[in-house]
Structure formats: structure tokens, C-alpha cells
Amino acid sequence: MAAAGDGPWLDDAAGRLVRPFTVSNGRTRPTIALDLMSQVMATGATPLGYVGPEHGQALELCRAPVAVAEIAAHLKLPAVVTKVLLSDLVDCGALTTKPPVFHHNPTDRSLLEAVLDGLRRQL
């Protein structure tokens, strides 16, 4: 039985019916460099050629700037598969990317501790 809103791609008992790397046709390397914190946004251009359902879902999520990691979480796909899907959409002109901008040291101990505390509060 499919979960509500997930269509035929998920099954309550079996989980994902289509294996993640099938979604990217077995590709494990995106054509462009994407960081998990890179921002992607739809350009408004219609993708040329066939795009799979996951490509369409990713494109819908990108109506406003969103991080690659967030898209992977929404799609319930591994980050590397999500990066391949997003790079396909960038290649066909449907998405644009912006690298993450740090106004501080991303490995600052106090920052990492604050992130960890926030994650613990969510669990």
C-alpha cells in the first residue's frame, strides 16, 4: 500500500520501490560541483527532453532558493543522487546555483556546538 502523497514510489512495508541510483540512471557524479549548502533556484525555463518524476519534484522545491541538503531530505534520496538530479536540471537551464557564502568560520567550535544543540532539541 502506498503512503499518502507518495504515489507508486513508496510502499509502507517495503519502503522505496525504486532504488535511489536507478533515479540517476546509475550515475554517481554530478556534472557540476555542488556543496550540500549550495543554493539552487528555478530559472523558469522548461527543461528540454524527458525529466523523471524526481526531477520534477526537485524543480518544484526550487521555486525559492533552497539548499541541496534540504532538497535531498524532501526527496528522501541520498545527497549524491540529489546532486546528480540537480546537475541535470542546471545543465538543461532549469536551475541556477549559488555557492554557499560564509560570514564566519564554518568549522568554528561554538557554531558547531550550537548546531549540535539545535539538533538534539529536535530529537
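Residues numbered from 1 in each chain as written. Predicted model: local features only at pLDDT ≥ 70, side-chain atom pairs only at ≥ 80, totals over all residues. Heavy atoms only, no water.

## Thoughts on the pairing of strand E3 (residues 39-42)
Look at any regular strand and the pattern is simple: side chains alternate between the two faces of the sheet. When E3 meets strand E4 (residues 66-67), the two strands line up antiparallel, connected through 2 bridges. From the neighbouring strand, Val40 faces E4, where its bridge partner is Val66. As paired strands, E3 and strand E5 (residues 95-98) are joined by 4 bridges and run antiparallel to one another. Among the inter-strand pairings, Met41 is bridged to a residue of E5, identified as Thr96. (Pairing = 2+ DSSP bridges. Helix = DSSP H or I, 4+ residues; strand = E, 2+ residues; numbered from the N terminus.)

## What about helix H3 (residues 68-75)?
Within the sequence span of H3, burial applies to Val68, Ile71, Ala72 and Leu75. Considered in projection along H3, the buried side chains sweep an arc of 100° and stay on one side of the axis. In H3, the exposed positions that point more than 90 degrees away from the buried face belong to Ala73 and His74. With its phi angle positive at about 60°, Lys76 sits one or two positions after the end of H3. (Buried < 20%, exposed > 50% of the residue type's maximum accessible area, 1.4 Å probe, protein only. Arc of directions from axis to C-beta.)

## A short note on the confidence of the model for the protein chain
The share of residues in the protein chain with pLDDT of 70 or more is 73%, and the mean pLDDT across the chain is 78. Of all the helices and strands in the protein chain, strand E2 (residues 15-16) carries the lowest mean pLDDT, 48, while E3 carries the highest, 94. Within the model, the stretch residues 1-8 combines pLDDT values under 50 with 9 contacts to residues more than four positions away or in other chains. (pLDDT = per-residue confidence, 0-100. Contact = heavy atoms within 4.5 Å.)

## Overview of the packing of helix H2 (residues 53-61) against H3
Packing of H2 against H3 leaves a shortest axis separation of 10 Å and a crossing angle of 130°. Between H2 and H3, the crossing angle belongs to the class labelled oblique. At the point where H2 passes H3, the crossing takes the right-handed sense. Contacts between H2 and H3 involve Glu54, Gln57, Ala58 and Leu61 from the first element and Ile71, His74 and Leu75 from the second. Among the residues making up the contact of H2 with H3, the classes are represented as 4 nonpolar, 2 polar and 1 charged. (Axes fitted to C-alpha atoms, helices over the stretch in contact; angles between N-to-C directions. Parallel < 35°, antiparallel > 145°, perpendicular 65-115°, else oblique. Left-handed = near helix turned anticlockwise from the far one by under 90°. Nonpolar A, V, L, I, M, F, W, Y, C, P; charged D, E, K, R; others polar.)

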